[in-house]
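This is what each chain is made of:
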Amino acid sequence: MIRLHVNVDHVATLRQARRGARPDPVEWALQAEDAGAHGITCHLRRDRRHFQDDDLRRVRERIRTLLNLESSLHPEMIAIALESGADEVCLVPENRQEITTEGGLDVVRERARLAEVIPRLRAKGIAVSLFVDPEPDPLAAAAEVEAEYVELHTGCYANASGEERDAELERLVAAAERAHALGLKVNAGHGLDYDNVEPVARLPHLRELNIGHAMVGRAVFVGVERAVKEMLARIEAGARG
Ligand code: PXP
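Notes on the structure in this doc start here. (Residues numbered from 1 in each chain as written. Predicted model: local features only at pLDDT ≥ 70, side-chain atom pairs only at ≥ 80, totals over all residues. Heavy atoms only, no water.)

Here we take up the overall build of the protein chain. Of regular secondary structure, the protein chain possesses eleven helices and eight strands. A compact globule built from 241 residues would reach a C-alpha radius of gyration of about 18 Å, and the protein chain, at 17 Å, matches this within 12%. In terms of principal-axis extent, the alpha carbons of the protein chain reach across some 45 × 40 × 35 Å. Across the 241 residues of the protein chain, 53% fall into the buried class. Surface accessibility of the protein chain: about 11,100 Å² in total, with carbon and sulfur atoms responsible for 48%. (Helix = DSSP H or I, 4+ residues; strand = E, 2+ residues; numbered from the N terminus. Rg over C-alpha atoms; globule rule 2.2 N^0.38 Å. Buried < 20%, exposed > 50% of the residue type's maximum accessible area, 1.4 Å probe, protein only. Areas by Shrake-Rupley, 256 points an atom, 1.4 Å probe, with all protein chains shown as cover.)

Our next topic: the pairing of strand β8 (residues 206-211). Among the six residues that make up β8, five are buried, leaving the element largely enclosed by the rest of the structure. When strand β1 (residues 3-7) meets β8, the two strands line up parallel, connected through four bridges. Bridge assignment links Val6 to a residue of β8, and that residue is Ile211. (Pairing = 2+ DSSP bridges.)

The next thing to look at is the packing of helix α10 (residues 213-222) against helix α11 (residues 224-240). The geometry of α10 relative to α11 is characterised by a closest axis approach of 7 Å and an angle of 130° between their N-to-C directions. Considering their axes alone, α10 and α11 lie oblique with respect to each other. The crossing of α10 and α11 is right-handed. Judged by residue contacts, Met215, Arg218, Ala219 and Val222 of α10 engage Val224, Arg226, Ala227, Val228, Glu230 and Met231 from α11. Of the residues contributing to the contact of α10 with α11, the split by class is seven nonpolar, no polar and three charged. (Axes fitted to C-alpha atoms, helices over the stretch in contact; angles between N-to-C directions. Parallel < 35°, antiparallel > 145°, perpendicular 65-115°, else oblique. Left-handed = near helix turned anticlockwise from the far one by under 90°. Contact = heavy atoms within 4.5 Å. Nonpolar A, V, L, I, M, F, W, Y, C, P; charged D, E, K, R; others polar.)

By the burial criterion, the buried members of α10 are Ala214, Met215, Val216 and Ala219. Check the buried side of α10 and you find it contacts β1, α1 (9-16), α2 (25-34), β8 and α11. Just past α10, the residue Gly223 takes up positive phi, approximately 90°.

Residue Pro23 is reached from Arg22 by a cis peptide bond, and omega for that bond is 0°. Along the chain, the position of Pro23 falls in the loop between α1 and α2. Located in the positive-phi region is Arg48, a residue other than glycine, with phi close to 50°. The class of Arg48 is buried, set by a relative accessible area of 19%. At His205, a residue that is not glycine, the phi angle is positive and equals roughly 65°. Relative to the helices and strands, His205 is located in the loop between α9 (197-201) and β8. The class for His205 is partly exposed, based on a relative accessible area of 34%.

In structure tokens form, the structure reads like this:
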């Protein structure tokens, strides 16, 4: 079974538009769990544009499934990740100007820093995932620094159409095969929605999908329960082939 980890950042985006208390991403996370989500994902960005430190504390306290924290490699954020109680930390690149995470982590360039950070996270019992472009070099480097998981960046696939999308899917399939051969566990995410998720759910060796924006958008119209259940159904249909 492919696990669905629901990213709740954009509930916080909506709340931060008014700097108030609602809508509460933690409440959303709990409703997503009730609807069948297998885990909750959040990204505490250094600029705190959506999820806040207090959200992280509350989500950890209240959810019953797994917590996946996305974090940059900045020392301030790593210090928070180490104390977060997260089950899994996904290391991502972070750029203050970007609208959302734009590309995979440059694992080759960051190799030394990762070799220092990953053992510290693992010593706390945290599984480490690296958000990577579906290319051979970052996968080889991820295996070298002993990450447990890679999350394949599906953004290029999601933004493409027609033959270009087919080619992007092929790139993801090849990356999933290569990651598995290197001993890495395979997750995927970014830009996935109800229309494009099924082929990704068929990726070989896939364990977990991280999906956020599309489900928050859908929940505005149909509520959290239906938004999550519809996505679970699409993933199951995709995995069945
Ligand atoms: N995975 C990673 C590493 C991300 O940074 C994001 C965006 O926060 C997602 C998955 C989810 O992307 P989306 O909100 O487009 O579903």
